Amino acid sequence: MFDVAVFASLFVTLFVIMDPPGIMPIFLALTAGRPAKVQRKMAFQAVCVAFGVIAVFGVLGHQILAYLHVSVPALMIAGGLLLLLIALDLLTGKTEEPQQTKDVNVALVPLGMPLLAGPGAIVSVILAVQGADGASAQVSVWAAIVAMHVVLWLTMRYSLLIIRVIKDGGVVLVTRLAGMMLSALAVQQIINGVTQVVQGT
């Protein structure tokens, strides 16, 4: 009762979209300055939030978007704009100000959504669930989703070891690098959304 091809296909797709290695510097930048115990908790929370969002859209995706009259390109553009705002904060160093971040749970936004559970991952899961014919295919799809989130948690959980090596100066460098990467990702997501809107007209 397990379809290896379906599992592998969705797992690879989600790995490329959710990008565990790429999320590592962003996680380190957004959680910098917090105790290690809090950072570990935030890594777990982010994965739980992402899995919850992905699961809801996997089951009720089309109905939710249809009810809200929201198109996939609109979802992509909105997510891109949100990521761009966060990227600008990382680039300008605003996230280093304690009053702005110590009381904010970045595990929910932007880590859980839209960084992990972004439009690309949501759409991929919606299509995979709808295209899975039979119990074995459904089991394989959800197994791939769970496996991907386990990989994400392990990546963020053990990225904390890097902080002990790179120290404060390295964290600042990682923060700026993460801001550049995130801004490029945000702009690309906006471009993809706009392109789909133009192609659809």
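Going by the structure above, here's the rest.
This text gives an overview of the structure that appears in the document. All values derive from a computational prediction rather than experimental measurement.

### Focus: the overall build of the protein chain
Now for step 1: Tallying secondary structure elements over the protein chain gives 8 helices and 0 strands in all.
Now for step 2: Ordered by position from the N terminus, the helices and strands of the protein chain form the series α-α-α-α-α-α-α-α.
Now for step 3: Here the C-alpha radius of gyration of the protein chain, 17 Å, is about what a compact globule of 201 residues would show, namely 17 Å.
Now for step 4: Its C-alpha atoms give the protein chain principal-axis dimensions of about 50 × 40 × 25 Å.
Now for step 5: Here the protein chain holds 201 residues, and 41% of them are scored as buried.
Now for step 6: Contacts spanning at least 24 positions in sequence make up 88% of the contacts within the protein chain whose residues lie at least 6 apart.
Now for step 7: Split by element, the accessible area of the protein chain, about 10,200 Å² in all, is 71% carbon and sulfur.

### Here's the deal with the packing of aromatic side chains
Now for step 1: Under the criterion given, the structure shown has 3 aromatic pairs.
Now for step 2: Pairing phenylalanine 7 with phenylalanine 11 gives two aromatic rings, centres 5.9 Å apart and planes at 10 degrees, and the pair type is stacked. In this pair, phenylalanine 7 and phenylalanine 11 are both assigned in helix 1 (residues 4-18), 4 residues apart and thus about one turn of the helix distant.
Now for step 3: Residue classification places phenylalanine 7 among the partly exposed residues on the basis of a relative accessible area of 22%.
Now for step 4: Summarising the aromatic geometry, the rings of phenylalanine 11 and phenylalanine 15 are spaced 6.4 Å apart at their centres and angled 35 degrees between planes, so their arrangement reads as tilted. Highlighted residues: phenylalanine 11 and phenylalanine 15, both in helix 1, separated by 4 residues, approximately one helical turn.

### Looking at the side chain of serine 159
Now for step 1: Summarising the element assignment, serine 159 is placed in helix 8 (residues 135-200).
Now for step 2: Aside from chain neighbours lying at most four places away, what touches serine 159 is Met24, Phe27 and Leu28.

### Examining the packing of helix 2 (residues 20-30) against helix 6 (residues 107-116)
Now for step 1: Remark: helix 2 packs on helix 6, axes separated minimally by 11 Å, with the N-to-C direction vectors making an angle of 155 degrees. By the angle class used here, helix 2 and helix 6 are roughly antiparallel. In this structure, helix 2 crosses over helix 6, and the sense of that crossing is right-handed. Here Ile23, Ile26, Phe27 and Leu30 of helix 2 lie close against helix 6, whose contacting residues are Pro110, Leu111, Leu115 and Leu116.
Now for step 2: When the residues that make up the contact of helix 2 with helix 6 are grouped by side-chain class, the tally is 8 nonpolar, no polar and no charged.

### With respect to helix 7 (residues 119-131)
Now for step 1: Its 13 residues give helix 7 an end-to-end C-alpha distance of 18 Å, which sits within 8% of 18 Å, the value for a rise of 1.5 Å per residue.
Now for step 2: Along helix 7, the residues that are buried comprise Pro119, Ala121, Ile122, Ser124, Val125, Ile126, Ala128 and Val129.

### Some details on unusual backbone geometry
Generally, phi is negative for residues other than glycine and the peptide bonds are trans, each holding for most cases.
Now for step 1: Put simply, valine 109 and proline 110 share a cis peptide bond, and its omega is 15 degrees.
Now for step 2: Between methionine 113 and proline 114 the backbone carries a cis peptide bond, its omega angle lying at 15 degrees.
Now for step 3: On the secondary structure map, proline 114 appears in helix 6.
Now for step 4: Positive phi is not limited to glycine here, since aspartate 19 has a value of about 50 degrees.

Analysis parameters
For every chain, the first residue of the written sequence is number 1, and numbering continues from 1 onward in sequence order. At least 70 in pLDDT is required for a residue's local features to be given in this predicted model, at least 80 for side-chain atom pairs to be given and counted, and no such filter applies to totals for whole chains, interfaces and linings, which use all residues. The basis for the side-chain values is all heavy atoms of the structure; hydrogens and waters are excluded. Only DSSP runs of H or I with at least four residues qualify as helices, and only runs of E with at least two residues qualify as strands; both kinds are numbered from the N terminus onward. We compute the radius of gyration over the C-alpha atoms and compare it with the globule rule, which gives 2.2 Å times the number of residues raised to the power 0.38. Buried, partly exposed and exposed residues are distinguished by accessible area as a fraction of the type maximum, computed with a 1.4 Å probe on protein chains only: under 20%, between the cut-offs, and over 50%, respectively. By definition, residues are in contact when any of their heavy atoms lie within 4.5 Å. Each accessible area is a Shrake-Rupley result for a 1.4 Å probe, and residues are judged covered by the shown protein chains and nothing else. Each aromatic pair joins two rings of Phe, Tyr and Trp (for Trp, the six-membered one) with centres within 6.5 Å, and gets the label stacked for planes under 30 degrees apart, edge-to-face for over 60, and tilted for any other angle. A fitted line through C-alpha atoms serves as each axis, taken over the contacting stretch for helices, and the angle formed by two N-to-C directions is quoted from 0 to 180°. Roughly parallel means an angle under 35 degrees; roughly antiparallel, over 145; roughly perpendicular, 65 to 115; everything else is oblique. In this scheme, a crossing is called left-handed if the near helix is turned counterclockwise away from the far one by less than a right angle; it is called right-handed if the turn is clockwise. Classification convention: Asp, Glu, Lys, Arg as charged; Ala, Val, Leu, Ile, Met, Phe, Trp, Tyr, Cys, Pro as nonpolar; all other residues, Gly among them, as polar. For a helix, the expected span equals 1.5 Å multiplied by the residue count minus one.

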